[in-house]
Amino acid sequence: MQKTVIRTESAPAPFQGAPYNQAIRVGDLVFVAGQLGISLETGALAGTGVAEQTEQIMANLGAILGAAGSGLDKLVKTTVFLMDLGDFAAMNDVYATHVGDRPPARSTVQISGLPSGALVEIEAVAHV
């Protein structure tokens with residue numbers, strides 16, 4: 001199968017010089033690179049809390065999935081990377097408002113660091 005690069009100006013671009021794309025579509029699946037809560041308007045994190053950053057991440061994911069012909073309602077798997085599992089409830093409350101009544105499979109892990117001082121990152125796989 002051929003892989004297609006997905007790129008939209010409606011979500012932050014990959015970090016300068018980093019060798020990855022916002023997403024890759026292969027067949028009926030789209031694989032979205034991990035997204036931070038970076039605001040397209042400011043280029044900075046969208047707040048200092050997990051809830052604000054998660055809200056921005058979901059907006060960024062939605063824009064990228066839309067460019068691929070998919071959407072948040074077609075998510076099949078996500079992985080959430082948290083700096084502190086103590087922030088799970090705040091992330092989960094926001095996340096739940098975006099994934100509907102048939103949420104995707106999900107893994108959540110605590111990690112030791114994220115770029116730009118982010119508190120949360122989410123990567124995703126969706127059906128097209």
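Being a predicted model, the structure only gives us computed values, none of them experimental.

Trainee: Looking at this model, I keep getting lost on the pattern of salt bridges. Mind explaining?
Mentor: Oppositely charged side chains can pair when the atoms bearing their charge come close. Enumeration over the complete set of coordinates arrives at one salt bridge. Among the salt bridges present, the one from E9 reaches R7, with a minimum N-O distance of 3.3 Å. Classification of E9 by relative accessible area gives exposed; the value is 61%.

Trainee: I tried to follow the environment of A118 on my own but got confused; where do I start?
Mentor: Assignment of secondary structure puts A118 in the loop between strand 5 (105-110) and strand 6 (120-127). Residue A118 is classed as buried on the basis of its relative accessible area, which comes to 2%. Sequence-wise, A118 and L36 are 82 residues apart; in three dimensions their C-alpha atoms are separated by 6.7 Å. Those residues in contact with A118 that lie beyond four places of it in its chain are L36, L45, Q53 and M83.

Trainee: I tried to follow helix 1 (residues 50-67) on my own but got confused; where do I start?
Mentor: The α-helix winds at 3.6 residues per turn, so residues separated by three or four positions along the chain end up facing the same way. With 18 residues, helix 1 extends 26 Å from end C-alpha to end C-alpha; this agrees with the ideal 26 Å at 1.5 Å per step. Those residues of helix 1 that are buried lie in contact with strand 1 (3-6), strand 2 (23-26), strand 3 (29-36), strand 4 (75-82), helix 2 (88-99) and strand 6. One or two residues past the end of helix 1 sits G69, with phi positive at roughly 85 degrees.

Trainee: How should I be thinking about the sheet that holds strand 4 in this particular structure?
Mentor: Pairing between sheet strands relies on hydrogen bonds along the backbone, with the strands arranged either parallel or antiparallel. Sheet architecture is open: six strands sit in the order 1-2-3-6-4-5, paired in mixed fashion. In the strand order of this sheet, the two ends are held by strand 1 and strand 5, each with one partner. Across the sheet, the mean angle separating the axes of adjacent strands is 15 degrees when strand polarity is ignored. Direction of pairing for strand 1 relative to strand 2: antiparallel, over a ladder of four bridges. Paired with T4 across the two strands is R25, which belongs to strand 2. The strands that helix 2 touches are strand 4, strand 5 and strand 6; relative to strand 5, the one it contacts most, it runs at about 160 degrees.

Trainee: Can you walk me through the packing of helix 1 against helix 2 in this structure?
Mentor: Geometry of a packed helix pair, given as the angle between the helix axes and the separation of the axes. At a closest axis distance of 8 Å, the pairing of helix 1 and helix 2 adopts a crossing angle of 25 degrees. One finds that helix 1 runs roughly parallel with respect to helix 2. In the crossing of helix 1 with helix 2, the sense of the turn from one axis to the other is right-handed. Residues V50, A51, T54, E55 and M58 of helix 1 touch helix 2, and the partners they reach there are A90, M91, V94, Y95, H98 and V99. Residues belonging to the contact of helix 1 with helix 2 are distributed by class as follows: eight nonpolar, two polar and one charged.

Criteria and thresholds
- Residues numbered from 1 in each chain as written.
- Predicted model: local features only at pLDDT ≥ 70, side-chain atom pairs only at ≥ 80, totals over all residues.
- Heavy atoms only, no water.
- Salt bridge = Lys/Arg side-chain N within 4 Å of Asp/Glu carboxyl O.
- Buried < 20%, exposed > 50% of the residue type's maximum accessible area, 1.4 Å probe, protein only.
- Helix = DSSP H or I, 4+ residues; strand = E, 2+ residues; numbered from the N terminus.
- Contact = heavy atoms within 4.5 Å.
- Expected span 1.5 Å × (residues − 1).
- Pairing = 2+ DSSP bridges.
- Axes fitted to C-alpha atoms, helices over the stretch in contact; angles between N-to-C directions.
- Parallel < 35°, antiparallel > 145°, perpendicular 65-115°, else oblique.
- Left-handed = near helix turned anticlockwise from the far one by under 90°.
- Nonpolar A, V, L, I, M, F, W, Y, C, P; charged D, E, K, R; others polar.

Read these as spatial facts, not as claims about activity.
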